[in-house]
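Single-letter residue listing:
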Amino acid sequence: MKSGFIGVIGKANAGKSTLINVLVGEKVAIVSPKPQTTRDAILGILTKEDYQIVFVDTPGIYKSKNKLTDKMMKTAETAAKDVDFILFVHDGHGGISDSDISLIKRYADSDIPMAIAYTKIDIMPKENIPADIKLLYENGIDCDVFPVSARKRTNIAKLEKYLADRLPQGEKVISEDIVSDKSEKFMISEIMREKILLKFSEEIPHGVAISVNVFKKQENGVYDINLDIVCEKPNHKAIIIGKQGKALKEVASFARQDMEKFLGAKVFLTTYVKVKEDWRNRPNILTELGYND
């Protein structure tokens, strides 16, 4: 049997979390079209008869702007050092820039073997693919490249088999009935944040954190969930709540539906919006919200 850890690395919004969810077969990380969606290193575990792949989903790489993103970049860098293999995820739809080549080379030149998942091929001209792959090789990036579409599942089975073959021989490192290292409570907070990312634009979603106060399954099987939506400015709070509470009700309704699907049970959800100004630069609040080193 083969088993090991694969670090999934790449720029923000390259499609890392979507790819992991498809490979694992279950939702283990939230997704949205916005950068900074993933804030933590999240394990997604794929267990088959002959192999177990532990994917390490990491925050997208981009220029840090505050203490929160400092922590996120540190998380991504640490994850890339403690794995058996690196899968660098590149958004093929966006082409390949000089900064892309520089970043890819940094990981390709490390001591850890690497391959590239060239994503989103379902929304780009197919003739761009061989030209981009040729550009990588011309710039000294000598590793296997897999053009994939997570949404259409194009080449996903081929990529899975390739990654399994690259892992060392060994026993399962995690029980086969587990698909993620994160708790249900963590996933509930992430589902709420995902819906906020999808509903609101500009800076508001990036300045939002979720704090779950109550997560309890009642005797009748219904989950009682009480959470705070923490934002940075009073005007952000007003936008999240909306006129007569309409925006908050709408986003909470969408979140509750996904929570019920995830938990397989009814959910009674209570939400509050609180302001903690500039919380992304305040170490004590970052710790309080669970963003530890």
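Worth saying up front: this structure is predicted, and the values here are computed from it rather than measured. (Residues numbered from 1 in each chain as written. Predicted model: local features only at pLDDT ≥ 70, side-chain atom pairs only at ≥ 80, totals over all residues. Heavy atoms only, no water.)

**Student:** Give a description of the pairing of strand 8 (residues 223-231) that names residues and reports values.
**Tutor:** For strand 8, the tally of buried residues reaches eight of nine residues, placing the bulk of the element in the interior. As paired strands, strand 7 (residues 209-217) and strand 8 are joined by eight bridges and run antiparallel to one another. Paired with Ile 210 across the strands is Ile 229, a residue of strand 8. (Buried < 20%, exposed > 50% of the residue type's maximum accessible area, 1.4 Å probe, protein only. Helix = DSSP H or I, 4+ residues; strand = E, 2+ residues; numbered from the N terminus. Pairing = 2+ DSSP bridges.)

**Student:** Quick rundown of the nonpolar core? Include the residues and the values.
**Tutor:** Ile 6, Leu 19, Ile 53, Phe 55, Leu 87, Leu 159 and Leu 163 are the most contacted members of the largest nonpolar core, which totals 27 residues. Mapped onto this core, the elements with two or more residues apiece are strand 1 (2-9), helix 1 (16-24), strand 3 (51-57), strand 4 (85-91), strand 5 (114-119) and helix 5 (156-165). Every residue in contact with Leu 19, bar those within four places of it in the chain, is listed here: Leu 87, Val 89, Ala 117, Val 148, Ala 150, Ile 156 and Leu 159. (Core = buried A, V, L, I, M, F, W, Y, C linked by side-chain atoms within 4.5 Å. Contact = heavy atoms within 4.5 Å.)

**Student:** Talk me through the packing of aromatic side chains; I want residue IDs and the actual numbers.
**Tutor:** For the coordinates displayed, the defined rule picks out four aromatic pairs. Between Phe 88 and Tyr 107 the ring centres are 6.0 Å apart and the planes differ by 50 degrees, which places this aromatic pair in the tilted class. Residue Phe 88 is located in strand 4, and its partner Tyr 107 is located in helix 3 (residues 98-108); the two are separated by 19 residues in the primary sequence. Accessibility assignment for this pair places Phe 88 and Tyr 107 in one class, buried. (Phe/Tyr/Trp six-rings, centres within 6.5 Å; stacked < 30°, edge-to-face > 60°.)

**Student:** An account of the environment of Lys 158 is needed here, citing residue identities and associated values.
**Tutor:** When you line up the elements, Lys 158 lands in helix 5. On the basis of relative accessibility, which here comes to 52%, the residue Lys 158 falls in the exposed class. Sequence spacing of Lys 158 and Phe 146 is twelve residues, and the spatial spacing of their C-alpha atoms is 8.6 Å.

**Student:** If you had to explain the pattern of salt bridges to someone new, which residues and values would you point to?
**Tutor:** Scanning the model with the defined rule gives 16 salt bridges in all. Between Lys 120 and Asp 91 there is a salt bridge, with its nearest N and O atoms 3.6 Å apart. One end of the pair, Lys 120, is in the loop between strand 5 and helix 4 (128-138); the other, Asp 91, is in strand 4, with 29 residues separating them in the sequence. On the accessibility criterion, Lys 120 (23% relative accessible area) is partly exposed. Linked by salt bridges that have partners in common, Lys 27, Glu 194, Lys 195 and Asp 258 make up one network. (Salt bridge = Lys/Arg side-chain N within 4 Å of Asp/Glu carboxyl O.)

By themselves, these figures tell us nothing about what the structure is for.
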